[in-house]
Amino acid sequence: EDLAALVAAAAASASPEAADDDAPQAPPAPAAAARVRCDNRGLGAIETGPIVVPAGSACRLDGTRIDGSIEVEPGARLEAHDIELRAGELRAGGAAQLVLAGRSRIAGSVRADGGGEVEVAGARIAGDLRIDAQSGPVLAHGNQVGGNLLAAGNRGGTTILGNRVSGQLRCE
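A brief structural summary.

Thresholds, definitions, all that
Residues numbered from 1 in each chain as written. Predicted model: local features only at pLDDT ≥ 70, side-chain atom pairs only at ≥ 80, totals over all residues. Heavy atoms only, no water. Helix = DSSP H or I, 4+ residues; strand = E, 2+ residues; numbered from the N terminus. Buried < 20%, exposed > 50% of the residue type's maximum accessible area, 1.4 Å probe, protein only. Polar contact = N/O pair within 3.5 Å; in protein donor to acceptor, adjacent residues only side chain to side chain. Contact = heavy atoms within 4.5 Å. Pairing = 2+ DSSP bridges. Core = buried A, V, L, I, M, F, W, Y, C linked by side-chain atoms within 4.5 Å. Axes fitted to C-alpha atoms, helices over the stretch in contact; angles between N-to-C directions. Salt bridge = Lys/Arg side-chain N within 4 Å of Asp/Glu carboxyl O.

Following the sequence through the fold, D132 ends up in strand 16 (residues 129–132). What makes D132 buried here is its relative accessible area of 10%. At a separation of 2.5 Å, a polar atom in the side chain of D132 contacts the side chain of R130. Residue contacts for D132: discarding those within four places in its chain leaves R111, A112, D113, G114, L150, A151, A152 and N154.

Strand order in the open sheet formed by eight strands is 1-4-7-10-13-16-19-22, and the pairing between neighbours is parallel. Looking along the sheet, the strands with just one partner apiece sit at the ends: strand 1 (36–37) and strand 22 (169–171). Pairing of strand 1 with strand 4 (residues 51–53), which is carried by two bridges, proceeds in the parallel orientation. Bridged to V36 within strand 4 is I51.

Residues L61, I70, V72, L78, L90, L100 and L129 are the most contacted members of the largest nonpolar core, which totals 32 residues. With sequence-adjacent residues up to four places away left out, L90 is seen in contact with I70, V72, L78, L85, L98, L100, S109, V110 and R111.

This brings us to the sheet that holds strand 17 (residues 138–141). The strand order across the open sheet formed by seven strands is 2-5-8-11-14-17-20, and the pairing between neighbours is parallel. Where the open sheet ends on each side, the last strands, each with one partner, are strand 2 (41–43) and strand 20 (158–161). Neighbouring strand axes in the sheet, compared pairwise and without regard to direction, differ in orientation by 5° on average. Across four bridges, the pairing between strand 11 (residues 97–101) and strand 14 (residues 117–121) is parallel. Residue pairing for strand 14: Q97 is matched across the bridge by E117.

Once that is clear, we can look at the pairing of strand 14. Inspection of the sheet shows strand 14 paired to strand 17 by four bridges, in the parallel sense. Across the sheet, residue V120 finds its bridge partner in strand 17, namely A140.

For the rest of this paragraph, the subject is the pattern of salt bridges. The final tally for this structure, using the stated rule, is 13 salt bridges. Across the pair R86 and E47 runs a salt bridge whose closest N-O atoms are separated by 3.2 Å. Placement of R86 in strand 9 (residues 84–87) and of E47 in strand 3 (residues 47–48) is noted, with a sequence separation of 39 residues between them. Residue R86 is classed as partly exposed on the basis of its relative accessible area, which comes to 30%. A salt bridge links D62 to R60, with the shortest nitrogen-to-oxygen separation between them at 2.8 Å. Connected through salt bridges with shared partners, the residues E47, R65, D67, E84, R86 and R105 form a single ionic network.

Listed below in structure tokens is the structure:
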């Protein structure tokens, strides 16, 4: 069948007068983008949907454009340079290492809690940058943060310098 016939059939079946169960149905809506597993590999300058870095693995992103969030699972490592996170946020709960560097742009927030070392340098973050309860060194340098920059309970030393923050800057 051609596309025009399918569209006409779909429109007819949507009208209140249409009661014919044998009429062709409109195709189903596309499913939400599946999460891409970045498991001990790198992704270059490609466009992709949401990314998950599985527990215990490592991922490197270079110039990657992401429509969706990035989830870094416990014990995983993410090194991201010059990425564009167009929607969603970057979450690293219990991650061994998080590096966000270069001219990375994040449409949402960046949150790292209960992990190892964190470095966020030169990024533009529309939302908050929150780094809590890290056991290793923490560096937030040269970022533009549209929300708050919060660093609390980090035990490996915290260095925050040269950031432009629109909201509150709190270091505890």
